[in-house]
Amino acid sequence: MTRDEAIIKKHTEDGYKYGFTTDIDQERAEIGLNESTIRFISDKKNEPEWLLDWRLKAYDIWKKMENPDWAHLNIPVIDYQSISYYASSKKKKYKSIDEVDPEILKTYEKLGIPLEEQKMLAGVAVDYVMDSDSVFTTFKEKLSEAGVIFCSISEAVKEYPDLVKKYLGSVVPQRDNYFAALNSAVFSDGSFIYIPKGVRCPMELSTYFRINAENTGQFERTLIIADDKSYVSYLEGCTAPKRDENQLHAAVVELVALEEAEIKYSTVQNWYPGDKDGKGGIYNFVTKRGICEGNRSKISWTQVETGSAITWKYPGCILKGNNSIGEFYSVAVTNNKQQADTGTKMLHLGSNTRSRIVSKGISAGNSSNTYRGQVLIGPNAENAYNFSQCDSMLMTDRCGAHTYPYLDIKNNSAQVEHEATTSKIGEDMMFYCNQRGLSDEEAVNLIVNGFCKEVFNELPMEFAVEAKKLLEVSLEGSVG
Amino acid sequence: MLEIKNLHANVVSKPILKGLNLNIAPGEVHAIMGPNGTGKSTLASTLAGRNGYEVTKGDIVFEGEDLLDMEPDERARAGVFLAFQYPVEIPGVTTINFMKSAINARRKAEGEAAIKASEFMAEMKKNLELVEINQEFMKRSVNVGFSGGEKKRNEIFQMAMLNPKLCILDETDSGLDIDALRVVSEGVNAMRSKERSFLIITHYQRLLDYIQPDFVHVMYNGKIVKSGDKSLAKKLEDKGYDWIKEANA
Ligand SMILES: Nc1ncnc2c1ncn2[C@@H]1O[C@H](COP(=O)(O)OP(=O)(O)O)[C@@H](O)[C@H]1O
Ligand SMILES: [Mg+2]
């Protein structure tokens, strides 16, 4: 066996570390999607009438829409009638951690995030979402002292209906796109955060999403509202078990930053990517958008995407307030047969609005990695400024990298800068590292980490470490 | 330490090294001189095992082992160090991280634990002083934005950090001003020992005013065509390479 073959073999047989399933009693909706499915979900969650109506309206819209096909993706036909839209473990409502199903706790342990340890971890409050229900929320008390609301969307619907009614769908309307409409119809659960005026959230908030049940699409919905002069940093981490069939994940995230508020939203996405032949894996079709509603507000998206069979995702900012700032920092890694079409959309509406885009794409194996970014400068956006930097690194001759920047400028005072590079991982860099004693794997890790540094710098410390490790696992044996 | 026998090597299927012989004993300093394009860098790259440098004939034995059987990183860990003619930039990787990774890669291969931070810092400080580099450089990306002279000093710094048995310097002196030349030479001289050997590739004899070689070889058209002591370098300086070319035409 040659050295390259040995490395490839090691990689392909190493498998997906998070690919285990949990045996817990499930209660799930009947397979398929129709009005009664939506009524079932709404009923299970004891939702008020207005929300059921909202869901039904979304369903009507969705029925008339079609799967988008403009992305640089090869999306197999998805049979929406063969998916179960609601799964929830039967045992519910935990007052203390002892009541949580030990199987669920074991799952978290395998994920490397034991609740106990997470509690300690630098004051991170974690809201776990397993399939459809929010299982357990830690740190609630400390947060409520600060006036911060951090709970599941279902709970928020009951406890804070005014806030939910006002903002749900205000940034990503039901008709925004095919997957957003689907999500609006069937969303199961997700996180809700409200930071009151003048409050700096005392800790990083975090949710781990995990798809467990077979054939269950996960449709979580996240809504974060930062009131005037408040600040919050939120991290979302995702893994999913390894299964042969594909699973659909169509989430919606909405952020609202009011006057001088700042929201920092970080994602480390490690959904199961499928095996080396492209069998199985998550279809990740996510709509994430934030609005800088108030003047001098700021929204910053940071994402590290290593998983999923297909990723379709463009976290964006609507810069409505004057002097508001939008940022997008992204690392997207694809290997084997993975496909990613990801980027951002910066919509400048207010004057003196600024946006910054830093995208790093790494492609290995036979994968395809596309950056798609849109910068729109509206007619009233005086002195708007955008800087975009899109770098692609190729690990093999078989993979592809594509960059599609779209510019639409309706105000002459705008200043827009765009830089893009594509390079094969440098033979000279590899040799230089080898000559200092580093193996191929060590050299790749070092070079790739350096390549992604600007983005990793944006992540909270603990998560930057996690992101680096994920990259190492994703790219094991990928040079060639 | 190093025995090169009848070495033939191709670069992109073109024969460049054509029967080169060289023996280096522990503690010796050998200089190789020769006109541009004669294969000096090719020899350095072949010794270090660079991809695309294909040995078609001959043997290289390093410390009793067949060097040609080893991967580039194995050769490095076994004690072969190459100071590059054109040091490579690695964006986003700090020099400090780069060196720590290199040292720990060696330790890992030996089954040893990673170097302690305090031990590393002490080594680093000592060797930075040796090549007169400011500690701030360690926080910058490897060679990115470094001047030509800074890059070459960085090579010697790395050499000092990694404690090699055989140091190959490929035109480390070219492009250096007189100050940098002095610093680099002093660094090399400080590293000379009974065990460590040097193969110094240079185009000019001025480096050899600072580093006294035990042997000087003239390379031409992929072979060593003449060997002697330091006076040979002087002769080349005075007479140029034409007489060599003529003699080997
Ligand atoms: N990577 C390469 N690709 C093609 N030709 C090369 C390459 N490296 C070296 N050569 C050729 O090999 C010959 C020797 O080059 P080199 O070893 O760099 O000489 P020197 O270092 O003595 O100046 C030259 O003719 C050069 O053009
Ligand atoms: Mg040369």
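A brief structural summary. Keep in mind it's a predicted model, so treat the numbers as computed, not measured.

Once that is clear, we can look at the interface of chain B and chain A. The partner chain A presents 19 residues to the 33 residues of chain B that form the contact. Both sides together, the interface formed by chain B and chain A hides about 2,200 Å², and carbon and sulfur atoms give 62% of it. In terms of surface lost to chain A, no three residues of chain B exceed Arg50, Asp73 and Val88 of chain B, which account for 23% of the buried area on that side. Our enumeration of links across chain B and chain A arrives at three salt bridges. Put simply, chain B and chain A have 13 residue pairs in polar contact (both at pLDDT 80 or more) between them. With seven residues, helix 3 (residues 95-109) of chain B is the largest single contributor of residues to the side of chain B that touches chain A. Taken together, the residues of the side of chain B that touches chain A break down into 17 nonpolar, eight polar and eight charged.

Next up on the list: the sheet that holds strand 9 (residues 166-170) of chain B. Residues and elements named next belong to chain B. Here six strands make up an open sheet; going across it, the order is 6-9-10-3-11-12 and the pairing mixed. The open sheet has two edge strands, strand 6 (80-83) and strand 12 (223-228), and neither has a second partner. Neighbour-to-neighbour, the strand axes of the sheet open up by a mean angle of 20°, direction not taken into account. Here four bridges tie strand 6 to strand 9, and the two strands are oriented parallel to one another. Directly across from Val80, in strand 9, lies its bridge partner Leu166. In the packing of helix 8 (residues 230-239) onto the sheet, the strands contacted are strand 3 (29-33), strand 11 (215-220) and strand 12, and the crossing angle to strand 11 comes to about 45°.

This brings us to the side chain of Lys45 of chain A. Residues and elements named next belong to chain A. Tracing the chain through its elements places Lys45 in the loop between helix 2 (35-44) and helix 3 (49-64). The exposure class assigned to Lys45 is buried, which follows from its relative accessible area of 8%. In this structure the side chain of Lys45 is engaged in a polar contact, spanning 3.3 Å, whose partner is the side chain of Ser154.

To continue, consider the site of ligand 1. Residue and element names in this part refer to chain B. Among the 13 residues in the neighbourhood of ligand 1, the closest are listed as Gly37, Gly39, Lys40, Ser41 and Thr42. With respect to ligand 1, the backbone of Thr38 contributes an N or O atom lying 3.2 Å from an oxygen atom. Secondary-structure elements contributing two or more residues to the shell around ligand 1 are strand 2 (14-24) and helix 1 (40-48). Among the elements that line the shell around ligand 1, the one with the most residues is helix 1, at three residues. For the shell around ligand 1, a count of residues per class yields five nonpolar, six polar and two charged.

Analysis parameters
- Residues numbered from 1 in each chain as written.
- Chains lettered and ligands numbered in written order.
- Predicted model: local features only at pLDDT ≥ 70, side-chain atom pairs only at ≥ 80, totals over all residues.
- Heavy atoms only, no water.
- Contact = heavy atoms within 4.5 Å.
- Buried area = accessible area lost by both parts, 1.4 Å probe.
- Salt bridge = Lys/Arg side-chain N within 4 Å of Asp/Glu carboxyl O.
- Polar contact = N/O pair within 3.5 Å; in protein donor to acceptor, adjacent residues only side chain to side chain.
- Helix = DSSP H or I, 4+ residues; strand = E, 2+ residues; numbered from the N terminus.
- Nonpolar A, V, L, I, M, F, W, Y, C, P; charged D, E, K, R; others polar.
- Pairing = 2+ DSSP bridges.
- Axes fitted to C-alpha atoms, helices over the stretch in contact; angles between N-to-C directions.
- Buried < 20%, exposed > 50% of the residue type's maximum accessible area, 1.4 Å probe, protein only.
- Near = heavy atom within 4 Å.

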